Amino acid sequence: MQQQFPQKPGLDIILKQAFSYWSKTIGLQLMFSIIYFGIFISAIHFFMGYYGIYNHEPELQAALSKGFQEYAEKSAALSSTVEFSYFRYAFIGVLVFLGPLNIGFFQIYKKIDLKENVGLSDLFAGYRGLNFFKLISFYLFWFLLLFMLAPLIIFPFFWILITIFSTPLIFFENKRTFETLSIGWAALRRNFIEIFVCVLIAAVFSHIGFLFFLIGGLFTFPFWNAIAYSLYTNILENKRGKLP
């Protein structure tokens, strides 16, 4: 038996709801970005020093002074070293560790729906109990596959479309990773335009603050989570039945 979805929700409803969640949690959006980028920048700085990446800066600067081709060749040579390989794994590890921080917004938005009080501690819901291990496993799988197949160009965006429901399904419904992929694929087939447009808008809006206002990006960056939750509640939550 396959799963069936109800009448398609309108794009306007999904986007309006997402922007409503985002606008009601501006302060928490800022705190999320400060925590996220604070840990990310500190960790990357540490690992670049630990694996000696900074030691190659003079070589890169010298290559750049000779031209872009020389710089590209030098960068390619450095990226194939053992030290850079270790740094690459450390980089993925940092992203994986920070992944569950996004889950806190799902709890926050659910509390908003239930008219319950929200607080800063809710941001760390993804690090509590068994959720942490389930989410870490998912993010490790997600990022490894993303980086391995990134050269295919179209794959990263398609991968996001399929997995946009994965984390809320894991967090709210205790689904396993491969179950979420099956549900995500079924939802994408039936609601391709809605999901595609929402993910595209989320990608643009999440980063536009950095492009035009810099500091404003700290407020727009977490918008991904509002889109994911709005898509989940409108397309999946409590609405799945059986499909022929």
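Position labels on residues start from 1 in each chain and follow its written sequence. Local features in this predicted model are restricted to residues of pLDDT 70 or higher, and side-chain atom pairs are both shown and tallied only at a pLDDT of 80 or more, whereas totals for entire chains, interfaces and linings draw on every residue. For the side-chain quantities, the full set of heavy atoms in the structure was used; hydrogens and water were omitted.

A. Structural view of the side chain of Gln 29. Counting from the N terminus, the helices are the DSSP runs of H or I reaching at least four residues and the strands are the DSSP runs of E reaching at least two. Looking at the element boundaries, Gln 29 is found in helix 2 (residues 26-50). Contacts described as polar in this section are N or O atom pairs within 3.5 Å, which, within protein, must combine one atom able to donate a hydrogen with one able to accept it, while residues neighboring in sequence count only if both atoms come from side chains. At 3.3 Å, the side chain of Gln 29 forms a polar contact with the side chain of Tyr 109. Contacts were defined at the residue level, with two residues in contact if any of their heavy atoms lie within 4.5 Å. Leaving out residues up to four positions away in the same chain, Gln 29 has contacts with Trp 22, Phe 105, Tyr 109, Leu 218, Phe 219, Pro 222 and Phe 223.

B. Geometry of the pattern of salt bridges. The working definition used for a salt bridge is a side-chain nitrogen of Lys or Arg within 4 Å of a carboxyl oxygen of Asp or Glu. The final tally for this structure, using the stated rule, is one salt bridge. Of the charged contacts in the structure, one is a salt bridge between Asp 122 and Lys 111, with a shortest N-O distance of 2.9 Å. Placement of Asp 122 in the loop between helix 6 (104-113) and helix 7 (129-149) and of Lys 111 in helix 6 is noted, with a sequence separation of 11 residues between them. You'll find Asp 122 and Lys 111 in the same group, each marked buried. Think of it in three bands: with a 1.4 Å probe and only protein chains considered, a residue is buried below 20% of the maximum accessible area for its type, exposed above 50%, and partly exposed in between.

C. Representation of the nonpolar core. The definition of a nonpolar core used throughout is a set of buried Ala, Val, Leu, Ile, Met, Phe, Trp, Tyr and Cys residues joined through side-chain atoms within 4.5 Å. Core analysis: the biggest nonpolar cluster contains 65 residues, and Phe 165, Ile 195 and Leu 231 have the highest contact counts within it. Ignoring any residue separated from it by four or fewer positions in sequence, one finds Phe 165 in contact with Gly 184, Ala 187, Ile 195, Leu 231, Tyr 232, Ile 235 and Leu 236.

D. Molecular detail of the packing of helix 1 (residues 11-24) against helix 13 (residues 223-236). Angles shown run from 0 to 180 degrees and are taken between the N-to-C directions of axes, each axis being a line fitted to C-alpha atoms and, for helices, limited to the stretch in contact. Where helix 1 contacts helix 13, the axes come no closer than 8 Å and their chain directions differ by 135°. Relative to helix 13, the element helix 1 lies oblique. In the crossing of helix 1 with helix 13, the sense of the turn from one axis to the other is right-handed. Taking contact as the criterion, the partners of Ile 13, Ile 14, Leu 15, Gln 17, Ala 18, Phe 19, Tyr 21 and Trp 22 in helix 1 are, on helix 13, Phe 223, Ala 226, Ile 227, Tyr 229, Ser 230, Leu 231, Thr 233 and Asn 234. Angle categories are assigned with fixed cut-offs, so that under 35 degrees is roughly parallel, over 145 is roughly antiparallel, 65 to 115 is roughly perpendicular, and the rest are oblique. Each crossing is labelled by how the near helix is turned from the far one, with a counterclockwise turn of less than a right angle marking it left-handed and a clockwise turn marking it right-handed.

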